[in-house]
Amino acid sequence: ALATELSAVGISLDYTPVLDIQTNPNNAVIGDRALSSDAEQVARFGSIIIRTLQEYGVAACCKHFPGHGDTTGDSHIELPVIDHSADRLRAVELVPFVSAIDSGVAIIMTAHIVIQAFDSEQPGTLARSVIHDLLRNEMRYEGLVITDDLEMGAIRNLYSLEEAAVRAIRAGCDLILLCGDDHDQHATVLETLIHAVESDELSIKSIEASLARN
C-alpha cells in the first residue's frame, strides 16, 4: 500500500526502513520507530519493505548505520556513544544492514553516534573507518550513502556545517542531508565542498565515484 501510494504521486525515494534494533528500552529517539527488539526480525521485515518499495520504483533508504538502537542520548540534541565490541556489533546491530545490502537497498543513511569499536572520537557519519572501511570494504556495499541531517545537535555542537560536510564526503558519504531552511548556509556548504575539491582536500576520484553511484 505504501509503495503504491508513493509511486502514484511521483515520489521516488522513501527514507525507510528504520533498521535500528530496539535493544535499549531507554532509547527514546528510536522507540517505536524500530521494527523489533530482535535483530533477525528487523532484518526480515526490513528486507520485505526494501524489496517491495523498489519493485514499485521507489528507492528505499535504510537507517541509521551502523545502528542507533542501543543508545540513550538523542542525536538530534547531543552525540550518543555506543561502546560495544566489534564482535557484538557484527552479531547484532549490523545484521539488518547485511540483509538490506543482500536485498539491494538503494541508499543507506548514517548515524550521528560514536561507535568506539571503530572510532572513539568522531561520529560514524564522519568516520572513514565506519563508512569506507566497514560499510564499503568489509560489507561490500556499492550503493549510495547519505548522511543523516548534518544540522542535528550531534554534529552542530562540535563542527561547523562546512567542516562536517567535508569530513562526511572524505569519510565516504555520497550525499549530504541538510534539513534547515537557511538557503544561504546551504550554498556556503556547497561552495566549501567545491573549494575542498579544488585544493585536493577532497579527491576528485571519490567525487566522480559518488556521481557514478547516483
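Residues numbered from 1 in each chain as written. Predicted model: local features only at pLDDT ≥ 70, side-chain atom pairs only at ≥ 80, totals over all residues. Heavy atoms only, no water.

**Q** Explain the sheet that holds strand β2 (residues 59-65) residue by residue, including any values.
**A** If you walk across this open sheet you meet the four strands as β1-β2-β4-β6, and the pairing is parallel. The open sheet has two edge strands, β1 (13-14) and β6 (144-146), and neither has a second partner. Along the sheet, helix α5 (residues 128-138) makes contact with β2, β4 (107-110) and β6, crossing β6 at roughly 150°. (Pairing = 2+ DSSP bridges. Helix = DSSP H or I, 4+ residues; strand = E, 2+ residues; numbered from the N terminus. Contact = heavy atoms within 4.5 Å. Axes fitted to C-alpha atoms, helices over the stretch in contact; angles between N-to-C directions.)

**Q** Can you explain the side chain of D14? Please cite residues and give values.
**A** Relative to the helices and strands, D14 is located in strand β1. Within the buried core, D14 has no salt-bridge partner, and the shortest N-O distance to an opposite charge, that of K63, equals 7.2 Å. What D14 contacts, discounting residues up to four positions off in sequence, is L2, L6, L53, V58, A59, A60 and C61. (Buried < 20%, exposed > 50% of the residue type's maximum accessible area, 1.4 Å probe, protein only. Lys, Arg positive; Asp, Glu negative; His and termini not counted. Salt bridge = Lys/Arg side-chain N within 4 Å of Asp/Glu carboxyl O.)

**Q** I'd like a rundown of the packing of aromatic side chains, residues and numbers included.
**A** One pass over the structure, following the stated rule, counts one aromatic pair. A centroid spacing of 5.2 Å and a plane angle of 90° characterise the contact between F65 and F97, whose relative ring orientation is edge-to-face. Pair noted here: F65 is in strand β2 and F97 is in helix α4 (residues 95-102), with a separation of 32 residues, a long-range link. (Phe/Tyr/Trp six-rings, centres within 6.5 Å; stacked < 30°, edge-to-face > 60°.)

**Q** Explain the side chain of S210 residue by residue, including any values.
**A** Mapped onto the elements of the fold, S210 is located in helix α9 (residues 204-213). A relative accessible area of 9% means that S210 is categorised as buried. A polar contact is formed between the side chain of S210 and the side chain of D174, at a distance of 2.5 Å. Ignoring sequence-local partners within four residues, the contact set of S210 consists of L144, C173 and D174. (Polar contact = N/O pair within 3.5 Å; in protein donor to acceptor, adjacent residues only side chain to side chain.)

**Q** Would you mind going over unusual backbone geometry in detail, with residue names and values included?
**A** Cis geometry marks the peptide bond from K63 to H64, where omega comes out at 0°. Note that H64 resides in strand β2. For R140, which is not glycine, the phi torsion reads 60° and is therefore positive. With respect to the helices and strands, R140 occurs in the loop between α5 and β6.

**Q** Which residues make up the pattern of salt bridges, and what are the values?
**A** Scanning the entire structure with this criterion turns up eight salt bridges. For the salt bridge of R88 with E93, the shortest nitrogen-to-oxygen distance reads 2.7 Å. For R90, the salt bridge is made with E138, and the minimal N-O distance between the two is 2.7 Å. On the criterion of sequence distance, the pair formed by R90 in helix α3 (residues 86-91) and E138 in helix α5 is long-range, its members being 48 residues apart. Here R90 falls in the partly exposed class, since its relative accessible area comes to 35%. By relative accessible area, which is 41% here, E138 ends up partly exposed. Several salt bridges converge on common partners, so that one network encompasses D70, R88 and E93.

**Q** Pulling in residues and values, what's your account of the packing of helix α7 (residues 161-171) against helix α8 (residues 183-198)?
**A** Contact geometry of α7 with α8 gives a least axis separation of 9 Å together with a crossing angle of 45°. The angle between α7 and α8 places the two elements in the oblique class. Our pair here, α7 against α8, has a crossing hand that is right-handed. Residue-level contacts link L161, E162, A165, V166 and I169 of α7 to Q185, T188, V189, T192, L193 and A196 of α8. When the residues that make up the contact of α7 with α8 are grouped by side-chain class, the tally is seven nonpolar, three polar and one charged. (Parallel < 35°, antiparallel > 145°, perpendicular 65-115°, else oblique. Left-handed = near helix turned anticlockwise from the far one by under 90°. Nonpolar A, V, L, I, M, F, W, Y, C, P; charged D, E, K, R; others polar.)

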